[in-house]
Amino acid sequence: MIFILSGPSGSGKTTLRDRVLKDGLIKKKFVKSVSLCTRPRRTGEKEGRDYFFVTGEKFTDLKRSGKILEWTKYLGYYYGTKKALVEAALKKGKNILLCLDFRGAKRVRKLYPKETLTIFVIPPSLQELRKRIQGRSFKTKNEEVKRRVRLVEAELRQAAYYDYSLRNINLKQAVKRLKGIILQRI
Ligand code: ADP
Ligand code: 5GP
């Protein structure tokens, strides 16, 4: 199965993914996917753990040579999933959990309609979301926070196209619900 987490910036996709993949049973049956991205690394982010940080030229090369399964452009930067990673996981009979935007979710669902399950993460409020984006890295400039928040309304409208929506108010409860959704399917 391919599980996809989408949701506005700061809604908690990365945190939920990392927490859920720590669960013993889930960990054994999953391969972690690390996306490629061209935005600068945030404080606290690690190369190869959070993203593979690449230049725009490298990303274009990989895209042209067919190594990218799906990709998107977000606030001027490119993000994409390595094709080999997903194919290898499915071949080995493993599950995979991807954090993608709406465009990526649509593309993967089209490529793997039977294997894909989509989950939309909903933040408690705009105010809390702003706080989370700001709190994640002190280096995130106000202008970037504003640009991310500006996209939220349109992003939330996409929730209707997902198999599940998951409110992330209390982290422990959200992790429990996500684990429940995953364990039901694997
Ligand atoms: P996303 O990957 O969706 O952009 P993150 O997982 O990076 O979001 O979460 C944004 C920030 O909010 C992080 O600093 C994270 O620790 C925090 N966070 C996530 N979920 C919660 C929650 N339920 N309560 C409080 N803070 C949270
Ligand atoms: P961020 O800069 O906050 O890490 O990510 C910005 C947006 O890009 C988020 O909506 C995130 O889910 C999305 N994203 C991250 N990696 C990928 C990817 O590989 N493909 C697609 N389609 N979206 C991604």
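Residues numbered from 1 in each chain as written. Chains lettered and ligands numbered in written order. Predicted model: local features only at pLDDT ≥ 70, side-chain atom pairs only at ≥ 80, totals over all residues. Heavy atoms only, no water.

### As for the overall build of the protein
Line of reasoning, step 1. Regarding its fold elements, the protein presents nine helices and nine strands.
Line of reasoning, step 2. The C-alpha radius of gyration computed for the protein amounts to 16 Å, which stays within 12% of the reference 16 Å derived for 186 residues, consistent with globular compactness.
Line of reasoning, step 3. Dimensions of the protein, computed from C-alpha atoms along their principal axes, come out at roughly 45 × 40 × 30 Å.
Line of reasoning, step 4. When each of the 186 residues of the protein is scored for burial, the buried share is 43%.
Line of reasoning, step 5. Considering only intrachain contacts with a sequence separation of at least 6, the fraction spanning at least 24 residues in the protein is 67%.
Line of reasoning, step 6. Roughly 10500 Å² of accessible area belongs to the protein as shown, and the carbon and sulfur atoms make up 50% of that amount. (Helix = DSSP H or I, 4+ residues; strand = E, 2+ residues; numbered from the N terminus. Rg over C-alpha atoms; globule rule 2.2 N^0.38 Å. Buried < 20%, exposed > 50% of the residue type's maximum accessible area, 1.4 Å probe, protein only. Contact = heavy atoms within 4.5 Å. Areas by Shrake-Rupley, 256 points an atom, 1.4 Å probe, with all protein chains shown as cover.)

### Details of the site of ligand 2
Line of reasoning, step 1. Taken together, 16 residues lie near ligand 2, and Ser35, Arg39, Tyr51, Glu70 and Tyr79 sit nearest.
Line of reasoning, step 2. In the model, an oxygen atom of ligand 2 is placed 3.1 Å from a nitrogen or oxygen of the arginine 42 side chain.
Line of reasoning, step 3. At 2.6 Å, a side-chain N or O of tyrosine 51 approaches an oxygen atom of ligand 2.
Line of reasoning, step 4. Out of a free accessible area of 510 Å², ligand 2 has 96% covered by protein chains.
Line of reasoning, step 5. When contributions to the shell around ligand 2 are tallied by element, the ones reaching two or more residues are strand S5 (68-74) and strand S6 (77-82).
Line of reasoning, step 6. Broken down by class, the residue content of the shell around ligand 2 amounts to five nonpolar, five polar and six charged. (Near = heavy atom within 4 Å. Polar contact = N/O pair within 3.5 Å; in protein donor to acceptor, adjacent residues only side chain to side chain. Nonpolar A, V, L, I, M, F, W, Y, C, P; charged D, E, K, R; others polar.)

### Description of the site of ligand 1
Line of reasoning, step 1. In the vicinity of ligand 1, 14 residues are found, and the nearest of them are Gly10, Thr14, Thr15, Arg136 and Asn168.
Line of reasoning, step 2. Interatomic distance of 3.0 Å between a backbone N/O atom of glycine 12 and an oxygen atom of ligand 1.
Line of reasoning, step 3. Per element, the largest residue contribution to the shell around ligand 1 is three residues, and it comes from helix H1 (residues 13-20).
Line of reasoning, step 4. The residue makeup of the shell around ligand 1, split by class, is three nonpolar, eight polar and three charged.

### Some points on the sheet that holds S5
Line of reasoning, step 1. Taken together, the four strands give an open sheet; going across it, the order is S4-S3-S6-S5, and neighbouring strands pair in mixed fashion. Edge positions in the sheet fall to strand S4 (52-53) and S5, since each has one partner strand and no second.
Line of reasoning, step 2. Taken together, the six bridges between S5 and S6 define a ladder with antiparallel strand orientation. Looking across to S6, one finds that tyrosine 74 is bridged to tyrosine 77.
Line of reasoning, step 3. Packed onto the sheet, helix H3 (residues 56-64) meets strand S3 (36-37), S5 and S6 and runs at close to 140° relative to S5. (Pairing = 2+ DSSP bridges. Axes fitted to C-alpha atoms, helices over the stretch in contact; angles between N-to-C directions.)

### Details of the sheet that holds strand S2 (residues 30-32)
Line of reasoning, step 1. One open sheet accounts for five strands, arranged S2-S7-S1-S8-S9; its pairing is parallel. Looking along the sheet, the strands with just one partner apiece sit at the ends: S2 and strand S9 (164-167). Direction aside, neighbouring strands of the sheet carry axes that sit 25° apart on average.
Line of reasoning, step 2. Bridge analysis of S2 against strand S7 (residues 95-99) gives three bridges, and the strand direction is parallel. Bridged to valine 31 within S7 is isoleucine 96.
Line of reasoning, step 3. Running over the sheet, helix H5 (residues 102-111) touches strand S1 (2-6), S7 and strand S8 (116-122) and is turned about 160° from S1.

### Quick word on the packing of aromatic side chains
Line of reasoning, step 1. One pass over the full model with this rule turns up nine aromatic pairs.
Line of reasoning, step 2. Considering the side-chain rings of tyrosine 74 and tyrosine 79, the 6.1 Å spacing of their centres and the 80° angle between planes classify their relative orientation as edge-to-face.
Line of reasoning, step 3. Among the aromatic residues, those joined into a ring-pair cluster are Tyr51, Phe53, Tyr74 and Tyr79.
Line of reasoning, step 4. Directly above the aromatic system of tryptophan 71 lies the positively charged group of lysine 63, at a separation of 4.3 Å from the ring centroid.
Line of reasoning, step 5. The side chain of lysine 82 reaches across the aromatic face of phenylalanine 52, ending 4.0 Å from its centre. (Phe/Tyr/Trp six-rings, centres within 6.5 Å; stacked < 30°, edge-to-face > 60°. Lys NZ or Arg CZ within 6 Å of the ring centre and 35° of its normal.)

### Let's talk about the side chain of arginine 42
Line of reasoning, step 1. When you line up the elements, arginine 42 lands in the loop between S3 and S4.
Line of reasoning, step 2. Arginine 42 sits in the buried class, given a relative accessible area of 15%.
Line of reasoning, step 3. Beyond its immediate chain neighbours, meaning those up to four positions away, arginine 42 contacts Arg136, Ser137 and Arg148.

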